[in-house]
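# Geometric and topological summary
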Amino acid sequence: MRVRFWGTRGSLPKPGPDTLFYGGNTSCVEVQTTAGTLVIIDCGSGLHGLGQALMTARTTSLKGYILISHTHWDHIQGIPFFAPFFVSGNEWDIYAPKGIGQSVQDTLAGQMQYAHFPVSLDQMGAKIRYHELIEGAFRIDDVTVKTRYLNHTALTLGFRLEADGTTMVYASDHEPFSRRLASGKGKILGQDRQHCEFLAGADLVIHDAHFTLNEYHSKIGWGHSTVEYAVAMCRAAGARQLALTHHAPLRTDDAIDQIVKNNLDDQRGMTPALHVFAAAEGQVLELKASDEASPSPRRAMSSEPWILDAPALVNPTLLMAVEDLVAAKTIRQAAQADDIAVIEAGSVAEALATEQSVQPSLIILEQRGDDADALELFKKVRGTEEGLADEIPIIIVADDENALAWTKAGVTDWLIKPFSSAYARTRIRAILLRRACRWERALMTADEEQRLVALHDLGILDTPPEERFDQITRLAAASFNAPMALISLVDRERQWFKSTHGLDVTETSRETSFCAHAISSRAALVVSDTFQDSRFADNPLVTHAPRIRFYAGFPIFIGANCVGTVCVMDDKPRKIDTEAVGLLRDLATLAEMELCRRQRTNE
Ligand SMILES: [Zn+2]
Ligand SMILES: [Zn+2]
């Protein structure tokens, strides 16, 4: 994977003698895979130079993919000047976060209205397709793209690109979820922990580092990271290289050099080594698959490329109990801007009491002072069956983060005062859209490394089909009268099939895997109707081929380690009884015996 920076500046283009080295153009990154797939991330003024280069190098018509993190001007201002958009025969797919109101196309067209620009978006010659993204994963040619909401003043997605056995993550613009972490010190919890998991093991992370810690104190809530936070996240994530980006407009080349040097001094002697540098316009990086990385090419993952269908939000309602007048007004404004109905309660107790009749999409409560009663009440209600449905997200408004107790009690997110309406709006949007998407990834197992050792010791991954395993899937399909049956082994990032019946695929990503859920719970998993199950309804294996409606899987254990499953699937919903689950368990035991026998023979 080859990565080239075309724009590294944040907020405003800043050409001039002081920015010659790191560059004055705003955000734009070009990614090319070995197979020739072209992905452009963000369309700041750097896009102009990239467009010129593509026009010069082209031999045939151009085809590419553009990922836009968010539509703040410094991330889209290059679009009207991107020469390849003006040539008919060229084909472009643009992906950007789905908003709640206006479409991506309308937002982009806005900056090309007559008052701003002589050519309108729909007059450009190339074929341009628009796609709206939420959190999740999708594929473009040989690239798997994963998305995650960042913490910014507009709804913003980070992108994780996996191709050629390497991984790069682009995370700009983003502020620490917990302001404590701006210093780069302290325990990483909650959403910051999830951000960290999004960066996990990346060969390259391109991360917002707009501020230094000293500057940040007066810029809280502006939606940007500190250098210290970016470094701490990448360290915790086990990333190899960190490119600091979104350089502040007033930051000179000398000042950036000094930041990198200071960081080098701070990190000296720390292991594992993390290579930290400041992204410079024109800089090219070749990412190579590491030796330890899984050598398996990501072939035949799915017969058709899939993208996430953005969910529809039906009449979202916000229930809130916030006494602070300013905070309440700010939230009201944020909700109104997105046509979200607001129902107000006088107190936390009242809000929790009316929740059942109101059935809100989201609850916002205020923590005042040392409000132990509210916490106790909250815990009580959250903890009972008839109380708040577990999945209703709850945001706590507070002066200060006293996160631990509330997070433990199940709070989804925080709004720390003071906050702007734009900020509240982004948080609310991200939560509602995330909730509207009914697809959960399986949790990583606690004994993941040990589990993988057991799986790899079997020496079975990527081996050809064998009759003794095919017998088991045939038997499974016949006994359940199911069109599909698998012996699935769950590897670090994929599930690989030793035997398939009725399915012409050798592996899928772990992200979409049903079996990974059985693995993490170490128990049988039966999904009678995926459409009715919030963990699976929007899973691409449900919304696209093979359109799974029914799934039943039983774990295969090697010693104490759960390595895979025997499972059956149908494209129609169905119910099975405990006797049938017993049958599946017997088949899993057979598979386990064959795997062990095979391992012994090979030794
Ligand atoms: Zn920006
Ligand atoms: Zn921005």
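Residues numbered from 1 in each chain as written. Chains lettered and ligands numbered in written order. Predicted model: local features only at pLDDT ≥ 70, side-chain atom pairs only at ≥ 80, totals over all residues. Heavy atoms only, no water.

## A look at the pattern of salt bridges
Taken as a whole, this structure holds 36 salt bridges when the rule is applied. Across the pair Arg468 and Glu594 runs a salt bridge whose closest N-O atoms are separated by 3.4 Å. With Arg468 in helix α13 (residues 467–480) and Glu594 in helix α16 (residues 578–602), this residue pair connects regions lying 126 residues apart in the sequence. Relative accessible area serves as the criterion here: at 27%, Arg468 is assigned to the partly exposed category. Residue classification places Glu594 among the buried residues on the basis of a relative accessible area of 15%. A salt bridge links Glu507 to Arg494; the nearest nitrogen and oxygen atoms lie 2.7 Å apart. In this pair, Glu507 sits in strand β22 (residues 507–509) while Arg494 sits in strand β21 (residues 494–501), placing the two residues 13 residues apart along the sequence. (Salt bridge = Lys/Arg side-chain N within 4 Å of Asp/Glu carboxyl O. Helix = DSSP H or I, 4+ residues; strand = E, 2+ residues; numbered from the N terminus. Buried < 20%, exposed > 50% of the residue type's maximum accessible area, 1.4 Å probe, protein only.)

## Observations concerning the coordination of the zinc ion (ligand 1)
At 2.1 to 2.2 Å from the zinc ion (ligand 1) lie its protein donor atoms, namely Asp74 (OD), His75 (NE2), Asp173 (OD) and His246 (NE2). Sequence positions of the residues that donate to the zinc ion (ligand 1) give the spacing D-H-x97-D-x72-H. Metal-to-metal, the separation of the zinc ion (ligand 1) and the zinc ion (ligand 2) is 3.4 Å; Asp173 coordinates the two. Taken together, the residues His75 in the loop between β4 (63–67) and β5 (91–97) and His246 in the loop between β12 (241–245) and α6 (253–267) connect sequence positions 171 residues apart. (Donors = N, O, S within 2.8 Å, 3.2 Å for Na, K, Ca; no water.)

## As for helix α7 (residues 325–337)
For α7, built from 13 residues, the straight-helix expectation of 18 Å at 1.5 Å per residue is met to within 8% by its first-to-last C-alpha distance of 18 Å. When we look at burial in α7, the residues that qualify are Ala327, Ala328, Thr330, Ile331, Ala334 and Ala335. On an axial view of α7, the arc spanned by its buried residues comes to 160 degrees, and they lie on one face. In α7, the exposed positions angled more than 90 degrees off the buried face are occupied by Leu325, Val326, Lys329 and Gln336. Taking the backbone nitrogen of Val326 as reference, a side-chain oxygen 3.0 Å away marks Asp324 as the first, capping residue of α7. Looking one or two places after α7, you find Asp339, whose phi comes out positive at around 55 degrees. (Expected span 1.5 Å × (residues − 1). Arc of directions from axis to C-beta. Polar contact = N/O pair within 3.5 Å; in protein donor to acceptor, adjacent residues only side chain to side chain.)

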